[in-house]
Amino acid sequence: MATCPRGCAPVVRLCQKLNRLKTLEDDMMATSLKRCLSTLDLTLMGVGGMVGSGLYVLTGTVAKDTAGPAVIISFVFAGIASLLAAFCYAEFGARIPKTGSAYMFTYVSVGEVWAFLIGWNVILENMIGGAAVARAWSGYLDSIFNHAIQNFTETHIMQWNVPFLAHYPDLLAAGILVVASFFISFGVQVSSYLNHIFSTVSMGVIVFILVFGFVLAEPANWSQEQGGFAPYGMSGILAGSATCFYAFVGFDVIASSSEEAKNPQKAVPIATAISLGLAATAYILVSTVLTLMVPWHTLDPNSALADAFFRRGYSWAGIVVAVGSICAMNTVLLCNLFSLPRIVYAMAEDGLFFSIFARVNPITKVPVNAILVFGILMATMALSFDLEALVQFLSIGTLLAYTFVAASVIVLRFQPEKTSSKGTPSTSPNPNNEPSPVPLESQTISEDSEEPKQYESFSDKLQLVERQKQKERRGVGQLKACWEPYLDRLLGDCEPGEVVAFCVLTLIVSSVSLCAVLEFGRKQLQLPLWSFTMLLVIFSLAYILSLAIIWVHEPQRNNKTFQVPLVPLTPGASILFNVFLMMKLSLLTWIRFTVWIAIGLFVYFGYGIWHSKEGIRELQPKDMAARYVVLPSGSLVETVQSVQPDSELDTSAHHIDGPAASAAEECNRKR
């Protein structure tokens, strides 16, 4: 038994390194980037990230193949599900106005290795997403000119027949990415200005589609003769919701931009709500117009809107739709190129990725190295690869990030705020804050009257009565007073927030198990009905019980920044929905995901874990500070000792009989 701790010590230290949390600065508004984005800028970025080519392609595809005219209901369900995730991003973006989005949110609440893997997946997601949009942009423009660009490239430049590679190098897609990266490197204001132009044109085209489309609407296209409103039933509506959910991916660009916002505490939640509302309204109304203009079963999935106007005799309107589509794809392209370098910059700034990407241009105040390098990598992917087989990989990275952000909201909401080095509550849950000689709020080391009591200043002794009153109030992460008589014996001995963290883990495991049984239980696993039902009941109870136990604990109440309503129900529902969608992905997607994760772990253990700034912070010598010790006799002694984290104070309090006791005796003899 005695040798077990020694043998396990390296493993324990490794686990502590992997799960260490990021220490945030006291001044959350301090940044090397330029804070110049307004609420309008963030809103248009969010709209540009969500209202892209999906409006012109996805609506027709889902209406024809999955849901029929009931695609309207599918977009409503998808919008509600996206709102759950958007709430979580809005809270973190307002509370922690730092770039990095899901990576940063995971780092401050879950742990380092998990944050790195989330950031690693978001990098690939943005790279593939940007390259895919560039190829779609190129293909759409090429189709307007009757594929003249493709024919010229194949005839006069080159073509190849290699698996996973495109049939020909898409020079136009690579070129637009290089040009866009060049413009974005000039600064955030240039990026915002370009996004304003393209978003305004795109929204103007959407208004044109709605007005002209409702004029041409024929309610008979929803009649039973054409198949009715919901020809595929409820199953088709739900399947359509799963597909439509990805149309709203892109609002996280707002959270990624929070470090460059003038007033992120207000701008991020407002911009998230408005942009998501505008995007949902656009998708719902355009779907309504499209299915009323022509019968849903005759739609062209590749260019539904342009084809609908052409079949109604207004071919000129197709040109307007084409302009709107290209502008919409430009906004999505800009959002991908805007978000990706900032996530890379955040990881490099923390030491988890190569430090060259942490450099910020002193004039433009943007991470130019990250913008240019990853812009060129994205252009190379668009130039060479056939991205149709990789596009499905986009969804798993997004859903995983959404899941971790929702879990982080619960963990941080029920975790007590640590006292920072300057006497104010720190947003970071990491106890390893930098020490400071500025007096902290008084802390009692021992409750036993026979033990010496330690304070930061002599005036703290005069506030004992007030502190005793405060102890009667329930702290964050502890059981609520009304539940203490029933659950205190079972959960009362745990540290504040410890039970909630365990319940969040149980919540995720039960969600995965429940969705796996629903998706694979009857078909692939061929479970008998009784075992299928029993597993559903068990995992459902585990999910509900986890939410209930979290709810009986005392949450943080912060009125200064936006907070997700109905916690833990809102993030819990988001976790369940995200996991359900992940279970619907193909086996090949999971294989690619596993390979990419393995590469990420190689990078982390080869570089990140050794250069992590949190690891360097832990190795720095602890500062010295003055302490005051009040002995049972009432005498006051000043001692000098190293400042220790809160977690170590309790241990050091029981060994105060060394230098402190000697100093106390010497002081009493002099008196």
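All figures in this text were calculated on a predicted structure; none of them were measured in a lab.

Caption draft 1: Up close: the overall build of the protein. The helix and strand tally for the protein stands at 25 helices and three strands. Residue burial in the protein is summarised as follows: out of 671 residues, 50% are buried. Within the protein, residue pairs in contact and separated by at least 24 positions form 79% of the contacts whose partners lie at least 6 positions apart. With the model as given, the accessible surface of the protein reaches about 30700 Å², and the carbon-plus-sulfur share is 65%.

Caption draft 2: View of the nonpolar core. If you look at the biggest cluster of nonpolar residues, it comprises 152 residues, and the most contacted ones within it are Tyr56, Tyr89, Phe248 and Phe353. Sort the elements by how many residues they give to this core and helix α6 (residues 112-144) lands first, with 17 residues. Within the second largest apolar cluster, 13 residues are counted, among which are Ile254, Ala261, Val268 and Cys335.

Caption draft 3: Region of the structure containing the packing of α6 against helix α14 (residues 315-349). Interaxial distance between α6 and α14 falls to 9 Å at its minimum, and their mutual angle equals 155 degrees. When the axis of α6 is compared with that of α14, the two are roughly antiparallel. Along this stretch, α6 crosses α14, giving a crossing that reads as left-handed. For the contact of α6 with α14, the class distribution of residues is 22 nonpolar, eight polar and no charged.

Caption draft 4: Representation of the confidence of the model for the protein in the model. Per-residue confidence for the protein gives a mean pLDDT of 81, with 82% of residues at or over 70. Mean pLDDT across the secondary structure elements of the protein bottoms out at helix α24 (residues 646-653), with 43, and peaks at helix α20 (residues 529-551), with 94. Overall, residues 419-453 carries pLDDT values under 50, and its contacts beyond four positions in sequence, including any with other chains, amount to 88 contacts. Note that residues 633-640 has pLDDT below 50 and, in this model, 28 contacts with residues that lie over four places away or in other chains.

Caption draft 5: Highlighting unusual backbone geometry. Cis geometry marks the peptide bond from valine 567 to proline 568, where omega comes out at 10 degrees. Residue position: proline 568 is located in the loop between α20 and α21 (569-583). We note that serine 101 has phi near 55 degrees; this positive angle belongs to a residue other than glycine. Assignment of secondary structure puts serine 101 in the loop between α4 (71-95) and α5 (102-107). Given the relative accessible area of 3%, serine 101 is considered buried.

Caption draft 6: Molecular detail of the environment of histidine 297. When you line up the elements, histidine 297 lands in the loop between α12 (264-293) and α13 (304-311). Each C-alpha atom of the pair histidine 297 and glycine 227 lies 8.5 Å from the other, and the pair is 70 residues apart in sequence. Non-local contacts of histidine 297, meaning those with residues more than four positions away in its chain, are made with Lys64 and Gln226. Side-chain polar atoms of histidine 297 contact the side chain of glutamine 226, separated by 2.8 Å.

Caption draft 7: Highlighting the packing of aromatic side chains. Under the defined criterion, the tally for this structure stands at 37 aromatic pairs. Between tyrosine 89 and phenylalanine 251 the ring centres are 5.6 Å apart and the planes differ by 85 degrees, which places this aromatic pair in the edge-to-face class. One end of the pair, tyrosine 89, is in helix α4; the other, phenylalanine 251, is in the loop between α10 (233-244) and α11 (252-256), and 162 residues separate them in sequence. Plain terms: the ring middles of phenylalanine 245 and tyrosine 246 are 5.9 Å apart, the flat faces sit at 75 degrees to each other, and that makes the pair edge-to-face. Its relative accessible area of 0% is what places phenylalanine 245 among the buried residues. Connected via pairs of aromatic rings, a cluster forms that spans Phe116, Trp120, Phe353, Phe354, Phe357, Phe374, Trp596, Tyr604, Phe605 and Tyr607. Positioned above the aromatic ring of phenylalanine 338, the side-chain terminus of arginine 342 is 3.7 Å from the ring centre. The side chain of lysine 480 reaches across the aromatic face of tryptophan 551, ending 4.4 Å from its centre.

Caption draft 8: Focus on helix α8 (residues 171-184). Over its 14 residues, α8 extends 20 Å from the first C-alpha to the last, a length consistent with the 20 Å expected when each residue adds 1.5 Å. If you check which residues of α8 are buried, you get Ala173, Ala174, Ile176, Leu177, Ala180, Ser181 and Ile184. The arc enclosing the buried residues of α8, seen along the axis, measures out at 160 degrees, which places them on a common side.

Caption draft 9: Region of the structure containing the pattern of salt bridges. Summed over the entire model, instances satisfying the criterion amount to 11 salt bridges. A salt bridge links arginine 312 to glutamate 218; the shortest N-O distance between them is 3.3 Å. Of the two residues, arginine 312 is situated in the loop between α13 and α14 and glutamate 218 in the loop between α9 (188-215) and α10; the sequence distance between them amounts to 94 residues. Look at arginine 312 and you get partly exposed, because its relative accessible area is 26%. Its salt-bridge partner being glutamate 614, residue arginine 617 comes within 3.5 Å of it at the nearest N-O pair. One end of the pair, arginine 617, and the other, glutamate 614, are both in helix α23 (residues 613-619), three residues apart, so they sit about a helical turn from each other.

Calculation criteria
- Residues numbered from 1 in each chain as written.
- Predicted model: local features only at pLDDT ≥ 70, side-chain atom pairs only at ≥ 80, totals over all residues.
- Heavy atoms only, no water.
- Helix = DSSP H or I, 4+ residues; strand = E, 2+ residues; numbered from the N terminus.
- Buried < 20%, exposed > 50% of the residue type's maximum accessible area, 1.4 Å probe, protein only.
- Contact = heavy atoms within 4.5 Å.
- Areas by Shrake-Rupley, 256 points an atom, 1.4 Å probe, with all protein chains shown as cover.
- Core = buried A, V, L, I, M, F, W, Y, C linked by side-chain atoms within 4.5 Å.
- Axes fitted to C-alpha atoms, helices over the stretch in contact; angles between N-to-C directions.
- Parallel < 35°, antiparallel > 145°, perpendicular 65-115°, else oblique.
- Left-handed = near helix turned anticlockwise from the far one by under 90°.
- Nonpolar A, V, L, I, M, F, W, Y, C, P; charged D, E, K, R; others polar.
- pLDDT = per-residue confidence, 0-100.
- Polar contact = N/O pair within 3.5 Å; in protein donor to acceptor, adjacent residues only side chain to side chain.
- Phe/Tyr/Trp six-rings, centres within 6.5 Å; stacked < 30°, edge-to-face > 60°.
- Lys NZ or Arg CZ within 6 Å of the ring centre and 35° of its normal.
- Expected span 1.5 Å × (residues − 1).
- Arc of directions from axis to C-beta.
- Salt bridge = Lys/Arg side-chain N within 4 Å of Asp/Glu carboxyl O.

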